[in-house]
Amino acid sequence: MMLKRAMFRCGQLCSRVFAVEFDLRTEPLYFTLSSTPQELHQAHQQLFGGDEKLFSLHVHSDSRTEKARTHAEIKHKLSVALSRDCDVFEASAFIPDVKNSVVKGFFIRDKSTTSLSEDVLKTLQQSKSVCVFSYKREGQYCWQELWSPVNQVEESVRQYVTPAAAAERHPSTLNITSSDVYYCMNDAYEVLRECTDIIPESKEVLKLVNEQLETSRGDAFPVIVIEGLDATGKTTLTEALRESLNATLLKSPPQCLAPFRQRFDSEPPLIRRAFYALGNYITAAHIGKESLRAPVIVDRYWHSTAAYAIATAVGGRVENLPKPGSELYQWPEDLLQPNLVLLLTVSPEERLRRLRDRGQDKTVEEAELEINQLFRLKVEEAYKRIQNPACIIVDASPSPREVLQQVEHLIRNKCHLKTTSSLPDETRSHAISPHTTRW
Ligand SMILES: Nc1ncnc2c1ncn2[C@@H]1O[C@H](COP(=O)(O)OP(=O)(O)O)[C@@H](O)[C@H]1O
Ligand SMILES: Nc1ccn([C@@H]2O[C@H](COP(=O)(O)OP(=O)(O)O)[C@@H](O)[C@H]2O)c(=O)n1
């Protein structure tokens, strides 16, 4: 019975294209399945041509929250339970160019002679959402079959691994909408509503959202968002701007969500990103109110939410990101837009220095930066590709005072605002007034 169910689930996968992130510096290895033996290309030989044990595992479920949590659990278990002789690669099965067709999973290469990986897979396979395949070789060929720890797979058909052409869009970009990035409040709201049983804090977050729904914003003071990676100087600059512009300083996620942040940070992207998305709508409501009274400076907003989400969702190299102009970089229609978004950038070395000065453990941080080099590049690139409004890049490597002056200059030009702090004392005045035209 269990085998039948598994075969049905896996059968649905067999018509898809498989992708394995075998080498993060290159594109994934793509293959399809065929009932006739197919010769492997040189690239595919690297993965399928050796004598290691090979498995792939995919997570399938009709419930998106269950699927996301099972995937995260499996990822964790594979990282702690397998031996050092096992390589685990991100893998997926998808239909090219079809949104939401991706079934995520992992590819395991076991170089050991022990049965540890089989034991781990056996436990994981107990979950009704998990489907495991093994890969066998015969001469030039490699075939995939449904894996069963007790070898009762006579019913399983040999499906030969067949090299496939690279997909135009990296598979990880197909499932981003409403799983990693939410383009309207309701989509994010629904995810948290589905989680209220498993995460009681969801109810409190939704209550806060309901209480603070966005108020409209008419002709008001300008709204300026400051974005950038951690330690690029956002806090330093936003505090200085608050002074110089006599502005209100807000941030996303807003202070009222701070007690829940850690809880949602431990959840898989589907849930975690919905939390941050809702944070933006609460901040938007605050912006709406505050910008009637004074200029508003916002420390992180939609650009952060989308850029980090896209960079995390997209595996491997920077080239895998959605192409510039993709609809994935569009601003949500129902989210209040700022007048100006400034992206602070510094070199990786300067950022590391600032992280260190802030007291973070040198070696841990250095190691992380090394590992996260790819991630950092992807976040910055995604930041730059977001449209309507796009961000203006600010070189934040000079001194705090110089960065402030540079930004004041930009604000003056782009928002027609007079700023005063870095002008000589005698010329200082509170020269900021609401704009008479629509922002
Ligand atoms: N322009 C600058 N030049 C040198 N150091 C800076 C500059 N801006 C900020 N710093 C220092 O770098 C560290 C990170 O700055 P911070 O404003 O906290 O960044 P973020 O809010 O982006 O994480 C702090 O120790 C801060 O004093
Ligand atoms: N508006 C926002 C702000 C943060 N975030 C998330 O929060 C993380 C950054 O938070 P952080 O604690 O490093 O930021 P700082 O508050 O230290 O600048 C990123 O990984 C984003 O995933 C978001 O998604 N949307």
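Because the structure is predicted, anything quoted here is derived from the model rather than measured.

(A) Just the overall build of the protein, in detail. Assigned secondary structure in the protein consists of 14 helices and 13 strands. A burial count over the protein gives 51% of its 439 residues as buried. Long-range contacts, defined as pairs at least 24 residues apart, comprise 76% of the intrachain contacts of the protein with a sequence gap of at least 6. In the structure as shown, the protein presents an accessible area of about 20900 Å², 50% of it carried by carbon and sulfur atoms.

(B) Molecular detail of the packing of helix 7 (residues 234-245) against helix 14 (residues 400-415). Contact geometry of helix 7 with helix 14 gives a least axis separation of 10 Å together with a crossing angle of 55 degrees. As the angle between them shows, helix 7 and helix 14 are arranged oblique. The handedness of the crossing between helix 7 and helix 14 comes out as right-handed. Where helix 7 approaches helix 14, its residues T236, L237, A240, L241, S244 and L245 are matched on the opposing element by P400, V403, L404, V407, E408 and I411. Looking at side-chain class alone, the contact of helix 7 with helix 14 contains 9 nonpolar, 2 polar and 1 charged residues.

(C) Representation of the site of ligand 1 in the model. Taken together, 15 residues lie around ligand 1, and A231, K234, T235, T236 and P398 are the ones closest in. Here G233 contributes a backbone N or O atom positioned 3.1 Å from an oxygen atom of ligand 1. T236 has a polar side-chain atom sitting 2.6 Å from an oxygen atom of ligand 1. For ligand 1, the protein covers 77% of the area, taking 560 Å² as the surface of the free molecule. Looking at the shell around ligand 1, the elements that each hand over two or more residues are helix 7 and helix 14. Counting residues per element, the shell around ligand 1 draws most heavily on helix 7, at 3 residues. Split into classes, the residues belonging to the shell around ligand 1 amount to 6 nonpolar, 5 polar and 4 charged.

(D) Fine view of the pattern of salt bridges. What the rule picks out here adds up to 24 salt bridges. For E194, the salt bridge goes to R64, with nearest N and O atoms at 2.8 Å. Here E194, found in helix 5 (residues 185-194), pairs with R64, found in helix 3 (residues 64-81); they are 130 residues apart in sequence, far enough to count as distant. According to the relative accessible area criterion, E194 is partly exposed, its value standing at 37%.

(E) View of the site of ligand 2. Lining the immediate environment of ligand 2, one finds 14 residues, of which S252, R261, R273, R300 and T305 sit closest. Between ligand 2 and D230 there is a distance of 3.4 Å, counted from an oxygen atom to a side-chain nitrogen or oxygen. Take T305: an N or O atom from its side chain is 2.7 Å from a nitrogen atom of ligand 2. Expressed as a share of its isolated accessible area of 540 Å², the protein-covered part of ligand 2 is 77%. Looking at which element gives the most residues to the shell around ligand 2, the answer is helix 9 (residues 269-290), with 4 residues.

(F) Representation of the packing of aromatic side chains within the structure. Inspection of the entire model under this criterion finds 19 aromatic pairs. Their ring planes at 75 degrees and their centres at 5.4 Å tell us that F275 and Y276 sit as a pair that is edge-to-face. Under the relative-accessibility criterion, F275 is labelled buried at 0%. Aromatic pair Y301 and W331: ring centres 5.6 Å apart, planes at 55 degrees, arrangement tilted. Of this pair, Y301 sits in the loop between strand 11 (296-299) and helix 10 (302-313) while W331 sits in the loop between helix 10 and strand 12 (340-345), placing them 30 residues apart in sequence. A residue is classified by how much of its surface remains accessible, and W331, at 7% relative accessible area, is buried. Put simply, the rings of F18, F31, F48, F107, F133 and Y135 touch in pairs and so form one group of aromatic residues. One cation-aromatic arrangement involves R158 over W143; the distance from NZ or CZ to the ring centre is 3.6 Å.

(G) Inspection of the nonpolar core at higher detail. Counting residues in each nonpolar core, the largest one holds 59 residues, and the members touching the most others are V205, L278, Y301 and W302. In this structure V205 touches L192, L257, F260, F264, F275 and L278, once residues within four positions along its chain are discounted. With 22 residues, the next largest nonpolar core counts F18, F31, L33 and F107 among its residues.

(H) Representation of the domain arrangement of the protein in the model. One can read the domain layout of the protein as domain 1 (3-174) and domain 2 (185-415). Taken residue by residue, the interface counts 15 residues in domain 1 and 22 residues in domain 2. Buried area between domain 1 and domain 2, summed over both chains or domains, comes out near 1400 Å², and the portion from carbon and sulfur atoms is 56%. It is R64, T65 and R69 that lose the most area in domain 1 upon contact with domain 2, and together they represent 40% of the buried surface on that side. The salt bridge partner of K99 is E327, with a shortest N-O separation of 3.4 Å. Connecting domain 1 to domain 2 are 4 residue pairs in polar contact (both at pLDDT 80 or more). Class assignment for the residues of the side of domain 1 that touches domain 2 results in 3 nonpolar, 5 polar and 7 charged.

Calculation rules
Residues numbered from 1 in each chain as written. Chains lettered and ligands numbered in written order. Predicted model: local features only at pLDDT ≥ 70, side-chain atom pairs only at ≥ 80, totals over all residues. Heavy atoms only, no water. Helix = DSSP H or I, 4+ residues; strand = E, 2+ residues; numbered from the N terminus. Buried < 20%, exposed > 50% of the residue type's maximum accessible area, 1.4 Å probe, protein only. Contact = heavy atoms within 4.5 Å. Areas by Shrake-Rupley, 256 points an atom, 1.4 Å probe, with all protein chains shown as cover. Axes fitted to C-alpha atoms, helices over the stretch in contact; angles between N-to-C directions. Parallel < 35°, antiparallel > 145°, perpendicular 65-115°, else oblique. Left-handed = near helix turned anticlockwise from the far one by under 90°. Nonpolar A, V, L, I, M, F, W, Y, C, P; charged D, E, K, R; others polar. Near = heavy atom within 4 Å. Polar contact = N/O pair within 3.5 Å; in protein donor to acceptor, adjacent residues only side chain to side chain. Salt bridge = Lys/Arg side-chain N within 4 Å of Asp/Glu carboxyl O. Phe/Tyr/Trp six-rings, centres within 6.5 Å; stacked < 30°, edge-to-face > 60°. Lys NZ or Arg CZ within 6 Å of the ring centre and 35° of its normal. Core = buried A, V, L, I, M, F, W, Y, C linked by side-chain atoms within 4.5 Å. Domains from an automatic or database assignment. Buried area = accessible area lost by both parts, 1.4 Å probe.

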